[in-house]
Amino acid sequence: MDQFLQHIVNALVLGSTYALLGIGLTLIFGIMRVVNFAHGELYAFGAYVSYALVSLLGLNYFGSVLLAGMLGLLLGAAIEFLLLRRCKLENIDEVMLIMIGLMIIMQNAELLLWGGVAKVVPTPFAQESITIGGIYLSPTRLFVFCAAVVLLIAFYLIIERSRLGLAMRATFQDRDAAKIVGVNVGSIYTLTFALGSCMAAVTGALLAPVFVVAPTMGDLASLKAFAIVILGGLGNIPGAALGGFALAAIEEFGSGYISTAYRDALGFLAILIVMVIRPQGLFAIKERVG
Amino acid sequence: MSAQLQPMAQPRPGAPLLALSGVTMKISGLVALSEVSLEVHPGQIVSLIGPNGAGKTTAFNVISGYMRPTSGTVSFQGEDITGLPPEQIAARGLVRSFQRTSVFGNCTVFENIQTAFHMQGSASLAASILRLPSFRREEAALRERTREMLEFVGLTRRADDLAANLSYGDQRLLGVGIALAAQPRLLLLDEPAAGLNPSETDEFKDMIRKVADTGVTILLVEHDMQMVMSISDYIVVLNQGHRIADGGPQAIQNNPDVIRAYLGSGLKSAKA
Amino acid sequence: MNKIVFFVVVALLALLPVLWPDPYMLSVVSAAGIMIVAAISLNVLLGFTGQLSLGHAAFFGIGAYTSALLSLGFDVSLFGYLLVVDPKPVWVAFVSGILVAAAFGWLIGKLAFRVRGAYFVIVTICFAQVMRMVALNWVDLTEGPMALVSIPALTLWIPGEGVIKLVSKSATYWLVLAANVLAYLIVARLVLSRFGRAAIALRENETLAKSIGIPVTRYLIVFSVISAGIAGAAGGLYAHTVRIIDPEVFMFIYTITMVIMVIAGGKGTLAGPVIGGIIFGLLPELLRGVVAPEVQWMLYGALMVLLLLFMPKGIVPTFNGLVRRLRARLAREKTAAAPAKARGANA
């Protein structure tokens with residue numbers, strides 16, 4: 001039973017960060033119809049920013065997360081402004097391939113800059129785990145969970161309560177209609193991509209002391225983000241949040257009760273099964289086929 | 001006035017080629033077709049008309065298998081085809097054209113027609129890859145038939161042009177050629193004259209007559225009333241998903257329900 | 001005309017080991033040649049049916065592993081039973097590799113019937129990832145990261161000489177060339193047939209294709225099976241010429257290499273994957289030593305982005321377009337030069 005509760009706690013912590021990662025990706029897809037293969041690289045970017053600031057410059061971890069978020073925002077805006085704006089976003093496959101090209105460039109730039117050896121970012125918290133009723137939780141993970149939940153709520157408020165969120169939702173529903181009622185679709189795209197990238201970078205920076213920082217982390221992060229988004233239904237924002245927790249639960253319980261070695265494979269297997277049974281995603285209300 | 005109480009205006013002898021009985025189609029709660037029944041008899045040119053939103057295109061989609069009706073049946077040559085996929089309905093000889101121009105844009109005109117002869121070929125995968133004599137014979141025969149079809153629709157000179165580069169009118173003709181290559185017994189034409197200039201429309205009308213003369217039965221959705229009235233043997237009028245009238249062109253033009261329906265929707269050319 | 005060009009090119013390529021018997025060069029060209037077969041296979045799906053598969057390395061890897069394992073023999077316990085497979089003749093193993101890859105192609109083709117577009121792409125990626133994890137973790141069968149080694153070479157029976165092993169650099173080169181010619185011819189004949197027309201109809205306008213009685217899903221599956229089978233053959237070729245394989249063959253980056261080759265050369269053209277494959281197969285060798293591998297990959301990525309932005313159709317169609325325009329201009333100049341009088345009369 002303790003074992004079971006431990007898995008639940010682990011899944012919640014992991015799931016909160018997966019949700020952040022997935023929401024950024026699904027937001028970009030939902031609004032721009034861009035399948036962003038570089039999403040994982042922005043996650044890696046955030047982690048490296050955190051590493052550079054904390055380990056090399058001796059900055060405080062919390063500050064590094066904040067800065068990583070801001071740099072992610074800028075980088076995302078730059079990518080949208082310099083690259084995506086040049087293609088007409090009509091052929092979804094072509095844009096997808098362009099993003100793969102960007103992914104290759106970013107990943108190898110990281111490799112060139114930081115080398116292939118994984119980096120460790122020291123945690124500002126105590127190393128000993130907190131024990132509550134036989135369940136272990138490290139203070140770092142607890143912080144990550146709290147921060148992720150706060151960010152999820154902040155994101156929810158931006159989308160549901162702000163004027164920007166309204167414009168985004170309008171573009172999401174119908175791009176042409178949004179244009180007619182005076183939404184500047186171009187700047188919505190830039191903001192969307194920047195916001196999505198910012199969330200990926202923050203997630204990477206948040207998780208830097210939990211995992212190690214390595215150039216290949218972006219690959220897996222991208223694929224997991226896709227898994228999350230597919231589980232929730234492409235372009236479905238609440239679905240992505242649920243999908244994040246679902247993937248974390250699949251991985252956590254799968255590796256606990258089935259096989260640790262196949263931990264990462266289970267998520268992909270889940271996608272294949274979901275695609276066969278419910279192509280519109282587990283939590284989709286409306287069918288959206290890209 | 002409910003459709004099912006109306007008797008068929010002109011009962012005809014012989015079995016109908018196409019029969020819809022009590023077809024209802026609801027699309028996300030809205031009733032696009034309500035208990036529509038109609039018959040198309042062999043050798044006729046039948047038009048389906050009605051103001052915008054009357055359910056004409058929905059009817060076409062239901063007949064040709066692109067939508068599955070909520071209730072009711074569609075039968076073709078006495079066989080129930082309700083819910084069959086489009087390609088199987090086409091294989092039975094019921095072929096449709098589309099409202100917007102619909103061609104294989106990056107292929108040449110010749111290739112478009114050749115592709116459309118798909119059902120006339122039967123070469124196996126092995127025969128195709130090994131280039132067996134049976135494959136060569138079949139390809140030669142298909143090329144010959146493609147040339148004949150290009151001749152029929154008058155596009156021989158444009159055979160090597162990309163379909164996407166054709167004028168609007170020529171693309172329409174190509175669309176008819178593609179549909180005819182599938183060897184229809186009943187051809188469904190969805191607003192073939194939309195967007196054509198008057199002289200192109202006249203040419204198209206001649207084309208429809210020419211097709212009908214080869215023994216193909218035609219069901220037409222069209223807004224151009226002049227065209228409808230001049231070529232139809234029989235007309236069925238839909239309004240808001242209901243069949244409100246049917247009969248010959250003369251009877252339809254004088255039918256008060258039809259006039260009211262068109263006036264109500266503000267369409268001017270009802271009595272053209 | 002086209003046939004003559006084809007034969008001349010093939011004959012010249014076949015003479016390469018005689019004219020320039022440099023073993024290093026031959027092995028580089030052979031390695032590129034295997035990737036070209038893979039690119040040809042990807043083009044079958046991407047170019048002609050229009051379905052982007054980003055898990056194509058999976059078919060390559062399945063072909064490689066199946067062929068290697070069958071030729072080496074293996075024993076593995078499955079649900080408590082011990083399954084022992086004795087080493088099979090190398091060509092039997094090779095053909096089995098093609099068939100197993102084709103069977104997975106059938107499965108993916110079936111799936112494409114349910115999901116399209118972005119979903120299909122992600123499904124294919126997941127499929128390749130699952131395959132990679134299996135190759136990594138099912139150590140009893142695949143040796144995992146330790147790799148399968150000492151894979152036997154393919155053999156050839158030559159009258160008078162008996163059965164020889166194709167291990168020399170020239171033999172490998174000719175083998176790869178033969179595979180390329182065969183793959184090219186199969187795809188060319190497939191495309192220029194009723195099957196190819198049906199697939200292209202699906203790519204161009206699925207709704208219209210259905211309306212003229214083309215059962216599109218059936219053709220999607222046929223093309224998926226053929227595409228996977230050829231990729232499996234490329235994998236088998238890789239296994240029996242490089243003679244060592246590890247789970248890296250399933251890596252995303254190999255799929256991307258195939259995609260770049262096809263897109264650069266021109267998807268949906270017969271020569272496209274070959275031209276793109278030659279460029280992107282040999283480019284790493286030309287850049288080796290000049291720049292760091294990371295920079296080389298960055299150039300790859302940048303080239304991919306630039307190509308998609310400025311030449312999305314690829315080299316072959318762009319070149320064909322230029323030739324067509326040039327011809328038209330020449331023809332116009334000819335007519336303009338000769339009947340100047342006639343023109344005057346018209347005006």
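Definitions and limits used
Residues numbered from 1 in each chain as written. Chains lettered and ligands numbered in written order. Predicted model: local features only at pLDDT ≥ 70, side-chain atom pairs only at ≥ 80, totals over all residues. Helix = DSSP H or I, 4+ residues; strand = E, 2+ residues; numbered from the N terminus. Rg over C-alpha atoms; globule rule 2.2 N^0.38 Å. Buried ≥ 20, exposed ≤ 12 C-beta atoms within 10 Å, placed from the backbone. Contact = placed C-beta atoms within 7 Å. Nonpolar A, V, L, I, M, F, W, Y, C, P; charged D, E, K, R; others polar. Pairing = 2+ DSSP bridges. pLDDT = per-residue confidence, 0-100. Expected span 1.5 Å × (residues − 1). Axes fitted to C-alpha atoms, helices over the stretch in contact; angles between N-to-C directions. Parallel < 35°, antiparallel > 145°, perpendicular 65-115°, else oblique. Left-handed = near helix turned anticlockwise from the far one by under 90°.

This part is about the overall build of chain C. Secondary structure assignment for chain C yields 15 helices and four strands. Against the globule reference of 20 Å for 347 residues, chain C gives a C-alpha radius of gyration of 23 Å, in line with a compact fold. Taken along its principal axes, the extent of the C-alpha atoms in chain C is 95 × 55 × 45 Å. Expressed as a percentage of the 347 residues in chain C, the buried residues total 50%. Across chain C, the fraction of contacts at a sequence separation of at least 24, relative to all contacts at a separation of at least 6, is 78%.

A separate point is the interface of chain C and chain A. Between chain C and chain A, the contact holds 35 residues from the first and 36 residues from the second. Listed by contribution, the elements that provide at least two residues to the side of chain C that touches chain A are helix H4 (90–114), helix H5 (117–137), helix H11 (252–265) and helix H13 (293–310) of chain C. Ranked by the residues each element gives to the side of chain C that touches chain A, the list is headed by H5(C), at 13 residues.

With that out of the way, let us pick up the interface of chain B and chain C. A common way to report how large an interface is uses the accessible area buried once the components associate. The interface of chain B with chain C comprises 27 residues on the first partner and 20 residues on the second. Elements represented by at least two residues in the side of chain B that touches chain C include exactly helix H2 (86–91), strand S6 (94–96), helix H3 (109–116), helix H4 (125–130) and helix H6 (168–181) of chain B. When residues in the side of chain B that touches chain C are grouped by element, the largest group, four residues, is from H2(B). Grouping the constituent residues of the side of chain B that touches chain C by class yields 15 nonpolar, nine polar and three charged.

All names here are of chain B. The four strands lie next to each other as S2-S1-S4-S5, forming an open sheet whose pairing is antiparallel. For this open sheet the edge positions go to strand S2 (30–40) and strand S5 (79–80), each flanked by a neighbour on one side alone. Pairing of strand S4 (residues 71–76) with S5 involves two bridges; the strand directions are antiparallel. When the bridges of S5 are listed, Ser 75 appears paired with Asp 80.

Right, let's talk about the confidence of the model for chain C for a bit. Residues and elements named next belong to chain C. Summary statistics for chain C give a mean pLDDT of 88 and a share of 96% for residues scoring 70 or more. Here helix H15 (residues 340–346) stands out as the element of chain C with the lowest mean pLDDT, 47, in contrast to helix H3 (residues 56–72), whose mean of 95 is the highest. Ignoring residues within four places in sequence, the model shows residues 341–347, a span with pLDDT below 50, making zero contacts including any to other chains. Reported confidences for the modelled complex are a pTM of 0.86 and an ipTM of 0.86.

End to end, helix H3 (residues 61–82) of chain A covers 31 Å across 22 residues, agreeing with the expected 32 Å (1.5 Å per residue, within 8%). Residues of H3(A) that are buried make contact with helix H2 (39–56), helix H4 (92–114) and helix H8 (185–207) of chain A.

This paragraph deals with the environment of A:Glu41. All names here are of chain A. Note that Glu 41 resides in helix H2. You can call Glu 41 buried: it has 30 C-beta atoms within 10 Å. Taking the C-alpha atoms as reference points, Glu 41 and Thr 216, separated by 175 residues in sequence, lie 8.9 Å from one another. If we skip the residues at most four places from it in the chain, Glu 41 touches Met 103, Met 106, Gln 107 and Gly 218.

Residue and element names in this part refer to chain B. Overall, mixed pairing links the six strands, which are arranged S6-S7-S8-S3-S9-S10 in an open sheet. Looking at which strands have only one partner, the edges of the open sheet turn out to be S6 and strand S10 (242–247). On average, adjacent strands in this sheet sit at an angle of 20° to one another, irrespective of strand direction. Note: strand S3 (residues 45–49) against strand S8 (residues 217–221), four bridges, orientation parallel. By the bridge assignment, Val 46 is partnered in S8 with Leu 219. Across the sheet, helix H1 (residues 56–63) lies against S3, S6, strand S7 (186–190), S8 and strand S9 (234–239), angled at about 145° from S7, the strand it touches most.

Our next topic: the packing of helix H2 (residues 23–49) of chain C against helix H12 (residues 272–287) of chain C. Residues and elements named next belong to chain C. Running from N to C, H2 and H12 point in directions that differ by 140°, and their axes come no closer than 8 Å. When the interaxial angle is binned, H2 and H12 end up oblique. Both H2 and H12 take part in a crossing whose hand is right-handed. Residues Val 28, Ala 32, Met 35, Ile 36, Ala 39, Ile 40, Asn 43 and Gly 47 of H2 touch H12, and the partners they reach there are Gly 272, Pro 273, Val 274, Gly 276, Gly 277, Ile 278, Gly 281, Leu 282 and Glu 285. Residue composition of the contact of H2 with H12, by class: 10 nonpolar, six polar and one charged.

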